[in-house]
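Geometric and topological summary
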Amino acid sequence: MEQLPEINEKDCLEFLSNFVKIPSHSKTPAEIDAIKYVTKAMKDIGLDASNVGFKDKNDGMQRFDSVGIWKGTGKKEGGRKLLFNGHVDVNPVSEGWTVDPYGGKYDDKFIYGIGVSNMKSGCSSYYMAVKTLKNAGYKVSKDVTLTFVVGELQGGAGTVALIEQGVVTKATADCFINCEPTDVVALTMHAGSAIFSVNVIGDTRHMSKREEATDSILASMDAIDRMTDMTFSHAKSKVHESINRCHIGTIRGGLGRKYEDWRQPQVADFVTFEGAARYAPGQDVSIVLEDLDTKMKETQKKYPKMKYELSIVKRDCMPPYEVDPKAQIVQTLNKHYKFVRGYEQPTGAIKPPCFYGSDAGHLYEKLGMEGIVCGPGGKYNTMPDERVDIPDYLDTIRIFMRTIVETCGAYKE
């Protein structure tokens, strides 16, 4: 296999460290700072790069993505255009951190910081892969497009904007790599997400007469228990069913629709609980809603006077995604993973990342584009002292370099 240039590990770590130091929470000034950071970096290595503005659909706020293109020369036969996709927005900082979330600290094992796993290490991996190749004098026959987007944590606003504005189209690339944190496994399927709400309406009495009441709290507990382990109808296969999941994340209860909570001796007659449903390609929100309704009807048999109101509050927050494990981009990534790491790349609908949502769903659903989800980070994601194994980050850069060379016909004159 072709000998490629060695990466500058210090340069790779410093780029990511400085990226982490930007507190790029959604719709803050630092979100724009993060976009400017990557746009400048791409311009510095000679890519055709720019900030791409769009209006957020929810509040009309002006936001920006960053897009850079390593233009192909067309000098070599064959090859495919490749798109990389990642987001710069980061989660809130939780309690329990022992290092500065924005310090960009790294040691012999890990690099730390909010968003380093989800997903600035993935973004940095594909940038550093391109930078290393370009600095070594490589050219590509087919385009490599780098996208750095905002709003992924709110359902993919940035990637959707690029698609709707025609910046990213079917002609932009033949295939994509989305670099969500999978611990460098090749994720070939993940679930779609539907956010739902249930109002449970009981019949109140004083606790002295609770035998006459319909307790909305107890009824809700029954319904939640039924939903927690459910799967959804019409799964195309056992693999598809394996990425079904339902989780109740919030609950409020009390008296009336204002959840009055100062009268504890009285039986609660109004509860709202909300949750997320994960469903597979081939299933949809209407199936999810029907199956949730079936669970509520089962609870209603136990509590005959109970009423309920079930609704989807955020349709298709993230669409589901899948790719054939035999697809060319998957096989190419598998091959170079094995070359770099010396063993086979785990590939499939792997847990827990199969329960993620990602912008891969938008590229798959809206453009029908073939792609794979693979990036560093994952096991230390969304937790105090979020961090990434340094070998995973550096190996991902090496894997992406080789994937670019084979996929896009990279060469040196």
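Residues numbered from 1 in each chain as written. Predicted model: local features only at pLDDT ≥ 70, side-chain atom pairs only at ≥ 80, totals over all residues. Heavy atoms only, no water.

Per an unreviewed UniProt entry, the protein carries the name Peptidase M20 dimerisation domain-containing protein and comes from Eeniella nana.

What follows deals with the UniProt feature "domain: Peptidase M20 dimerisation" (unreviewed entry) in the protein. Mapped onto this numbering, the UniProt entry gives "domain: Peptidase M20 dimerisation" (unreviewed entry) at residues 189–303. For residues 189–303, helix accounts for 31% and strand for 28%, while the C-alpha atoms at its two ends are 39 Å apart. (UniProt positions renumbered as here; feature names shortened; annotations may be inferred. Helix = DSSP H or I, 4+ residues; strand = E, 2+ residues; numbered from the N terminus.)

With that settled, consider the packing of helix α4 (residues 157–164) against helix α9 (residues 360–367). Their axes nearest at 9 Å, the elements α4 and α9 cross at an angle of 25°. Classified by the angle their axes make, α4 and α9 are roughly parallel. Considering how the two elements wind past one another, α4 and α9 form a crossing that is right-handed. Only H362, L363, K366 and L367 of α9 make contact with α4, whose side of the interface consists of T159, V160 and I163. Taken together, the residues of the contact of α4 with α9 break down into four nonpolar, two polar and one charged. (Axes fitted to C-alpha atoms, helices over the stretch in contact; angles between N-to-C directions. Parallel < 35°, antiparallel > 145°, perpendicular 65-115°, else oblique. Left-handed = near helix turned anticlockwise from the far one by under 90°. Contact = heavy atoms within 4.5 Å. Nonpolar A, V, L, I, M, F, W, Y, C, P; charged D, E, K, R; others polar.)

Here we come to the environment of R80. As for its position among the elements, R80 is in the loop between β2 (62–70) and β3 (82–87). Residue R80 is classed as buried on the basis of its relative accessible area of 16%. With near-sequence residues (within four places) excluded, R80 lies in contact with K142, D174, C175, Q328, I329, E370, T407 and C408. A polar side-chain atom of R80 sits 3.1 Å from a polar atom in the side chain of E370. (Buried < 20%, exposed > 50% of the residue type's maximum accessible area, 1.4 Å probe, protein only. Polar contact = N/O pair within 3.5 Å; in protein donor to acceptor, adjacent residues only side chain to side chain.)

What follows concerns unusual backbone geometry. Looking along the chain, the bond that leaves N118 and enters M119 is cis, with omega of -5°. Checked against the element boundaries, M119 lands in helix α3 (residues 116–135). For the bond from K351 to P352, the omega torsion is 5°, close enough to zero to count as cis. Note on placement: P352 falls in the loop between β15 (347–348) and α9. Located in the positive-phi region is V184, a residue other than glycine, with phi close to 65°. Structurally, V184 can be placed in the loop between β7 (175–178) and β8 (186–187). The backbone of H234 shows a phi angle near 65°, a positive value even though the residue is not glycine.

Once that is clear, we can look at the packing of aromatic side chains. In the structure shown here, the tally under the stated rule is 13 aromatic pairs. Ring plane angle 55° and centroid distance 5.3 Å describe the contact between F84 and F400, whose orientation is recorded as tilted. Taken as a pair, F84 in strand β3 and F400 in helix α10 (residues 390–408) lie far apart in primary sequence, 316 residues in all. Ring geometry for Y321 versus Y364: centroids 6.2 Å apart, planes at 85°, classification edge-to-face. Here Y321 is found in strand β14 (residues 321–322), whereas its partner Y364 is found in helix α9, with 43 residues between them in sequence. Y321 gets classed as buried once you look at its relative accessible area, which sits at 0%. Here Y364 falls in the partly exposed class, since its relative accessible area comes to 26%. In textbook terms, an aromatic cluster arises when at least three aromatic residues are bridged by ring pairs, as seen for F15, F19, Y37 and Y127. The positively charged end of R245 is found above the aromatic ring belonging to F355, 4.0 Å away from the centroid. Its end group placed over the ring of F110, R387 keeps NZ or CZ at 5.2 Å from the ring centre. (Phe/Tyr/Trp six-rings, centres within 6.5 Å; stacked < 30°, edge-to-face > 60°. Lys NZ or Arg CZ within 6 Å of the ring centre and 35° of its normal.)

A few words now on the nonpolar core. In this structure, F84 and I404 are the most contacted members of the largest nonpolar core, which totals 87 residues. Of the residues forming this core, the biggest block, ten residues, is contributed by α10. Sequence-distant contacts of I404, that is, excluding residues within four places in its chain, are made with W70, L82, F84, A129, V130, L133, V140, V144, G409 and A410. By size, the runner-up hydrophobic cluster in this structure holds 26 residues, among which are V198, V200, C246 and Y303. (Core = buried A, V, L, I, M, F, W, Y, C linked by side-chain atoms within 4.5 Å.)

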